[in-house]
Amino acid sequence: MSAPLHPRHWSLGVKVGMIVTASLVLLLGSALTSYTLERNTAAATAEMLRTMQTQADIQRLHTQIAEAATGVRGYLLTGRDDFLTPYSVAARQLPATLASLEDKVSDADQRASLRRIRPLLESKLASLDVMRGQRNASAAELQQHLLSSKQILDQLRAEIAVMNAREAELVAQRTAALQGASNRNLWMTITVVAAGLAGTLATLAFTIGLVRRVRLAVENAERLTSDQPLKPTPANTDELGQLAERLHQASVLLAGRASAAQAASQAKTAFLARTSHELRTPLNAILGYAQLLEAGLRAPREREHAEHIRQAGQHLLSLIDEVLDIGRIEAGKLTLNCAPVALAPLVAEALTLMAPMAQQRNVQLCAAVIGDTVAVMADRQRLLQVMLNLLSNAIKYGGGADVAVVQADDVVSLHIDDDGPGIAPEMRARLFTPFDRLGAERGKAEGAGLGLTVSKALIQAMQGDLRYSAKAPRGSRFTLTLAMADTNASASAPGPDSGPPAPADAAPETSTITHRLLCIDDDAATRVLVATLLRRRPHWRLDTAADRASGLAQLRANRPDLLLTTAALADDELRAAASATTLALLDKPLNVPAFYALLDATEKPT
């Protein structure tokens, strides 16, 4: 047979059952023992009382016999009848006293003595009755009768003395029995108290251990939810031990899934980055040529078609940017340059950029006066992006926007209010969910449902928050909160200068080559687009390269005035070789006005 399992491997049901069973057995045993001891003590006490009553009856019997004999003698000596009163009383009480003795006595020796006493008592009473009638008898006769009666009395006294001695022995025995019962009761009480105390201590120890293990399980469960390592647990196989083992297995499983999720997130981020690059490349050509078409066409219908192409491309570009931002935020790779940003010029710039959209929809954009000293800690470009997202939503869905700034303690709150229909209460929990437009996808307003998601994530990355609240009686308020910045150190540099677009038919006064541009890009469509744009600047000569090596060789050989390339190709070696050349990173899709402004800036003498 296998050895019994250690108690720590028993189930909690068995452990609790054993404790409850032991407690019940101890309780029942204590009750039964107490009852038995109580019964024994009561019996010993009753025996003691009966013995004492027996002694009293024996003494009463002796007294009644003596009174009866004394009464008869007094009558014989004095002749007075009142001396017979004790005799008469004793004669009536002696049979009753003897009967009481017979009822109380249970000892065999005492019962034998009673059997001998009864005839002697009857003889003594008969002798006294005879003597009572010999008042006039002769002295010799009376003396003879007295001697005979005395012999009977002596025998009675001897038997009574024997009974007294025996009763004294019985009293001693029963006193010892009563004392023994009391002692047993005391020891049993002590034993029960000790056993109860031990049971209480055992139950307390079990309960403390159980509570400790439950708390440990709760703490490990909390650690599991927060992705922290679990604390070690005792090697038990009961229910709590099985729970601890399940938590450990869940921890291992979650760790594996977390690694897989991290790897999947990294793969998703890489996929989004790669996809963004692949999508931006054709968009560069689409938007570039769309801008050329829009600037060169004269017919309103044709310009409208080119504008639709450009707007659709811009919308697709914004969608790509938002998806890429979400991927960077989720991967923790979003780079922010937080610095003091003055809100007044930032809000003015955002309103200026959104003014054409507001005019197109015939809505108003208003802003309260913002002090020049109000500044926040933020990444200016990203904060402007959030502002544009919120203003765009207010124009599309709210019919205009009112902008106000409130300072409280060390926090600046920027409110953007609109008077639109607002958001239904049942939909507010989904407000910042990616790709959820809350039913607006059935309307005419375009969008992908990413603007608010990206905006909230960007603001939270800048240690701020973006909240929604409903206005009464209708409308919405989006509140953007950020930490207040030192106004003396605030930097409110304007956005990049896009520069005016070149006229569609602009042409230089001379065709002499005065400047050279080197474009290094692996995308042929981009190189063709740059060549097309330079046709309007015939005094510029274009050299192109499809890879970094050939581009580096041309850079060293020709020394162009402007080097246009992508950030991926602009390594340290290329930058060092272009130290005497204006280096511009190619932003895709290419902004045509900004491109011509860059050419004009390069032409200006330094």
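Note that the coordinates shown come from a computational prediction; the quantities given were computed from them, not determined experimentally. (Residues numbered from 1 in each chain as written. Predicted model: local features only at pLDDT ≥ 70, side-chain atom pairs only at ≥ 80, totals over all residues. Heavy atoms only, no water.)

Engineer: How do you make sense of the sheet that holds strand β4 (residues 401-408) when you look at a structure like this?
Structural biologist: Strand order across the open sheet formed by five strands is β2-β4-β5-β7-β6, with mixed pairing between neighbours. Taken across any chain shown, the strands that pair with only one partner, and hence form the sheet edges, are β2 (365-367) and β6 (465-470). Between one strand axis and the next, the sheet turns through 20° on average, direction left out of account. Of the pairings in the sheet, the one linking β6 to strand β7 (residues 476-483) comprises six bridges and is antiparallel in character. Its bridge partner being in β7, Y468 is matched across the sheet by F478. Sheet strands touched by helix α9 (residues 451-461): β6 and β7. Its angle to β6, the strand with the most contacts, is close to 130°. (Pairing = 2+ DSSP bridges. Helix = DSSP H or I, 4+ residues; strand = E, 2+ residues; numbered from the N terminus. Axes fitted to C-alpha atoms, helices over the stretch in contact; angles between N-to-C directions. Contact = heavy atoms within 4.5 Å.)

Engineer: Quick question: what am I supposed to make of the pattern of salt bridges here?
Structural biologist: A side chain of one charge can pair with a side chain of the opposite charge if their charged atoms are brought near each other. Per the stated rule, a full pass over the model turns up 14 salt bridges. Notably, a salt bridge pairs R477 with D417, separated by 2.8 Å at the nearest N-O pair. Here R477 is found in strand β7, whereas its partner D417 is found in strand β5 (residues 411-418), with 60 residues between them in sequence. Taking relative accessible area as the criterion, D417 reaches 10% and is therefore assigned buried. Via salt bridges that share partners, D107, D109, R166 and E169 belong to a single interconnected network. (Salt bridge = Lys/Arg side-chain N within 4 Å of Asp/Glu carboxyl O. Buried < 20%, exposed > 50% of the residue type's maximum accessible area, 1.4 Å probe, protein only.)

Engineer: Looking at this structure, how should I read the sheet that holds strand β10 (residues 562-565)?
Structural biologist: Within a beta sheet, neighbouring strands are joined by backbone hydrogen bonds and run either parallel or antiparallel to one another. With parallel pairing, the four strands of this open sheet are ordered in space as β9-β8-β10-β11. What marks the edges here is a single partner per strand, and that holds for β9 (540-545) and β11 (582-585). Looking at each pair of strands side by side, their axes are set apart by 20° on average, direction ignored. As defined by bridge partners, β10 adjoins β11 across four bridges and the pair is classed as parallel. In the strand pairing of β11, L563 is matched with L583. Contacting β8 (515-520), β9 and β10, helix α10 (residues 524-534) runs over the sheet at an angle of about 175° to β9.

Engineer: Which parts of the structure should I look at to understand the environment of I152?
Structural biologist: Inspection of the secondary structure assignment puts I152 in helix α4 (residues 139-225). The buried category is assigned to I152, whose relative accessible area is 16%. Considering only alpha carbons, one finds I152 and P119, 33 residues apart in sequence, at a separation of 10.0 Å. Apart from residues lying up to four places away in sequence, I152 is in contact with L120, S123, K124 and S127.

Engineer: I would appreciate a short explanation of the UniProt feature "coiled-coil region" (unreviewed entry) in the protein in the present structure.
Structural biologist: Using the residue numbers shown here, the UniProt feature "coiled-coil region" (unreviewed entry) corresponds to residues 139-173. Counting secondary structure, residues 139-173 comes out at 100% helix and 0% strand; the distance between its end C-alpha atoms is 50 Å. (UniProt positions renumbered as here; feature names shortened; annotations may be inferred.)

Engineer: Is there a simple way to explain the environment of V347 in this structure?
Structural biologist: You can see V347 is positioned in helix α7 (residues 343-360). Under the relative-accessibility criterion, V347 is labelled buried at 2%. In sequence terms V347 and L383 are 36 residues apart; their C-alpha atoms lie 10.0 Å from each other. In this structure V347 touches A367, I370, M387, V403 and L414, once residues within four positions along its chain are discounted.

Engineer: What is the right way to read α9 from this model?
Structural biologist: Spacing of three or four residues puts side chains on the same side of an α-helix, whose turn is 3.6 residues. Of all the 11 residues making up α9, nine are buried; the element is thus mostly covered by neighbouring parts of the structure. For α9, the full list of buried residues reads G451, L452, T453, V454, S455, K456, A457, L458 and I459. Backbone geometry just after α9 places Q463 at a positive phi near 65°.

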